[in-house]
Amino acid sequence: MNKRVVLKQRPKGVPQKEDFEVNFEPLHLNLKQGEILVKVEWISADPTQLVWISGMKSYMPPIKLEETVRALGVGIIINSHSPGYKVGTYVSGLLGWQEYCKIHVSKVEKIPTAVKPSLYLGIFGMTGLTAYVSIKLLGKVKKKQVVVISTAAGAVGSVAIQIAKAQGCKVIGITGSDEKVQWLKDLGIYGVINYKTDNVASVLRNMCPEGVDMYLDNVGGEILDAVLMNAKKGSRMILCGAIQSYGLKKPQPVYMYPLVISKSIKMKGFIISDYQDKYEEAIHYLSKLHKKGELVYKEDIVEGLENAYQALKKLSTGGNQGKMLIRVLHEAPKL
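Source: prediction; values computed, not measured.

J.: What is the right way to look at the side chain of S44 in this model?
T.: Summarising the element assignment, S44 is placed in strand β3 (residues 35-44). Here the side chain of S44 touches K323 through a polar contact of 2.6 Å, side chain to side chain. When residues no more than four places from it in sequence are discounted, the contact partners of S44 are Q49, A71, L72, L121, K323, M324 and L325.

J.: Mind showing me how you'd approach the packing of helix α2 (residues 126-138) against helix α3 (residues 155-166) here?
T.: Packed helices, taken two at a time, are described by their axes: the angle between them and the distance between them. Axis separation between α2 and α3 bottoms out at 8 Å; the angle between their running directions is 45°. Comparing the axis directions of α2 and α3 gives the class oblique. Crossing geometry of α2 relative to α3 is assigned as right-handed. Residue-level contacts link T127, G128, T130, A131, Y132, I135 and K136 of α2 to A155, V156, V159, A160, I163 and A164 of α3. Across the contact of α2 with α3, the residue classes break down as 9 nonpolar, 3 polar and 1 charged.

J.: I would appreciate a short explanation of unusual backbone geometry in the present structure.
T.: One can expect most non-glycine residues to show negative phi and most peptide bonds to be in trans. You will see that T151, though not glycine, has its phi angle at about 40°, which is positive. Turning to its location among the elements, T151 is positioned in the loop between β8 (146-149) and α3. Notably, S264 is not glycine yet its phi reads approximately 50°, a positive angle. In this structure, S264 sits in the loop between α7 (258-262) and β13 (266-269). S264 sits in the partly exposed class, given a relative accessible area of 38%.

J.: In this structure, what is going on with the sheet that holds strand β10 (residues 191-194)? I would like to understand it.
T.: Within a beta sheet, neighbouring strands are joined by backbone hydrogen bonds and run either parallel or antiparallel to one another. Strand order in the open sheet formed by 6 strands is β10-β9-β8-β11-β12-β13, and the pairing between neighbours is parallel. Edge positions in the sheet fall to β10 and β13, since each of these pairs with one other strand and no more. Within this sheet the neighbouring strands show an average axis-to-axis angle of 15°, counted without direction. Alignment of β8 against strand β9 (residues 170-175), held across 4 bridges, turns out to be parallel. Opposite V147, over in β9, you have V171 as the bridge partner. Against the sheet, α2 touches β8, β11 (212-217), β12 (231-239) and β13, its axis set at about 155° to β11.

J.: I would appreciate a short explanation of the nonpolar core in the present structure.
T.: Among soluble globular proteins, nonpolar side chains are generally buried collectively. I135, I163 and L184 are the most contacted members of the largest nonpolar core, which totals 48 residues. Counting only elements with at least two residues in this core, the list comes to β4 (72-80), α2, β8, α3, α4 (178-186), β11 and α8 (279-291). A domain-level breakdown of this core finds at least three residues from each of domain 1 (2-122 + 298-327) and domain 2 (126-291). Formed by 33 residues, the second largest nonpolar core is a distinct cluster that contains V105, A311, M324 and I326.

J.: Even after reading the chapter, I still don't get the domain arrangement of the protein chain, so can you show me in this structure?
T.: For interface size, the figure often reported is the accessible area lost on association. Here the protein chain is partitioned into domain 1 (2-122 + 298-327) and domain 2 (126-291). Contact with domain 1, which involves 18 residues of that partner, is made by 15 residues of domain 2. In this assembly, domain 1 packs against domain 2 so that about 1,400 Å² is buried in total across both faces, 59% of it on carbon and sulfur atoms. On the domain 1 side of the interface with domain 2, the three residues burying the most area are Y59, K298 and Q321, jointly 28% of the side's total. Counting the contacts that link domain 1 with domain 2 gives 0 salt bridges. Viewed at the interface, domain 2 and domain 1 are joined by 5 residue pairs in polar contact (both at pLDDT 80 or more).

The rules behind each value
- Residue positions are given per chain, counted from 1 along the sequence in the order it is written.
- It should be noted that, the model being predicted, local features are given only for residues of pLDDT at least 70 and side-chain atom pairs only at 80 or more, the latter also being counted only at that level, while totals for whole chains, interfaces and linings use all residues.
- Heavy atoms throughout the structure, all of them, feed into the side-chain values; hydrogens and water do not.
- What counts as a helix is a DSSP run of H or I of at least four residues, what counts as a strand is a run of E of at least two, and both are numbered from the N terminus.
- Think of a polar contact as two N or O atoms within 3.5 Å of one another; within protein, one of them needs to be a possible hydrogen donor and the other a possible acceptor, and neighboring residues in sequence only count if both atoms come from side chains.
- Any two residues whose heavy atoms approach within 4.5 Å are treated as being in contact.
- To get an axis, a line is fitted to the C-alpha atoms, and for a helix only the part in contact is used. The angle between two axes follows their N-to-C directions and goes from 0 to 180 degrees.
- Note on angle classes: values under 35 degrees are labelled roughly parallel, values over 145 roughly antiparallel, values of 65 to 115 roughly perpendicular, and the remainder oblique.
- By definition, turning the near helix anticlockwise from the far helix through less than a right angle yields a left-handed crossing, and turning it clockwise yields a right-handed one.
- Residues are grouped as follows: Ala, Val, Leu, Ile, Met, Phe, Trp, Tyr, Cys and Pro are nonpolar; Asp, Glu, Lys and Arg are charged; all remaining types, including Gly, are polar.
- Burial status follows relative accessibility: with a 1.4 Å probe on protein chains alone, a residue under 20% of its type maximum counts as buried, one over 50% as exposed, and anything between as partly exposed.
- Note on pairing: two strands pair once DSSP finds at least 2 bridges between them.
- Within this scheme, the nonpolar core is defined by two criteria: the residues are buried Ala, Val, Leu, Ile, Met, Phe, Trp, Tyr or Cys, and they are joined through side-chain atoms within 4.5 Å.
- Where each domain starts and ends comes from a domain assignment, either automatic or drawn from a database.
- Computed with a 1.4 Å rolling probe, the buried area is the accessible surface lost when two parts are put together, summed over both parts.
- Only one rule defines a salt bridge in this text: a Lys or Arg side-chain nitrogen within 4 Å of an Asp or Glu carboxyl oxygen.

Following this line, the structure appears as structure tokens:
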């Protein structure tokens, strides 16, 4: 049998245990040509899933009720009907919240086994690629420029601040707890703001009176407003997420939008799937940083599929530190 978690109902705000249901389905071992059976080991929890379970329209369709929760994962092939994908090979793809996934090889990517597989959901996966695209390709940061990053202790944010630091930028991170503030300070960036206790606009003004050159936004709302008030003329703002509005019927407003016009600010939103062709370039760059000790990471791990909802709950409330993951604890298979 295959243990899986399905969406039982649309969350009203922060995801709760009752929004999901654990059930079992027969494990079908017969494979069609090109299919593989993957034993899922790690599952990624990402802010975009909060959109998928909410029913909102997005770049991917909402997850239907009674459907296995969609999620990126990594696992090992235990059965194959594709010559190029041998048993024992690790792959990543949209494997979902389940113990086993039958999937066509066109929908997965092989991953090397030289490093921990979960890193291919983090710094060497979509997380790392998102940070790389944000800072290097779209942000086009230069040495000594002021770079501000929200959710700076999160999965994407923590990689982004280290890329910007490696580029010689004056990096300021925005986060939401004293523990996260200290971790970011330990990374050696210029400054850290706790948005829950500090006046973000005022502290930014004191930290960088010269103004902000580039901002990576993962939240929207009032924090985006605070950065807009401190932006330089001609600055760049890369919009990666809007977690402050996920799960709300009405998105958080941005009141300082007129400053985009008066300061000639360039704002660019993007979906990481549009930059898949930059994956090898990004991994090459990130691997070099990692080898030099200039890219450190944290994993925040939830144990077991039945507790997977806690990962989304943490993301929704800002309770995670680093990359949010679910470790799949396999029960004895019932074939």
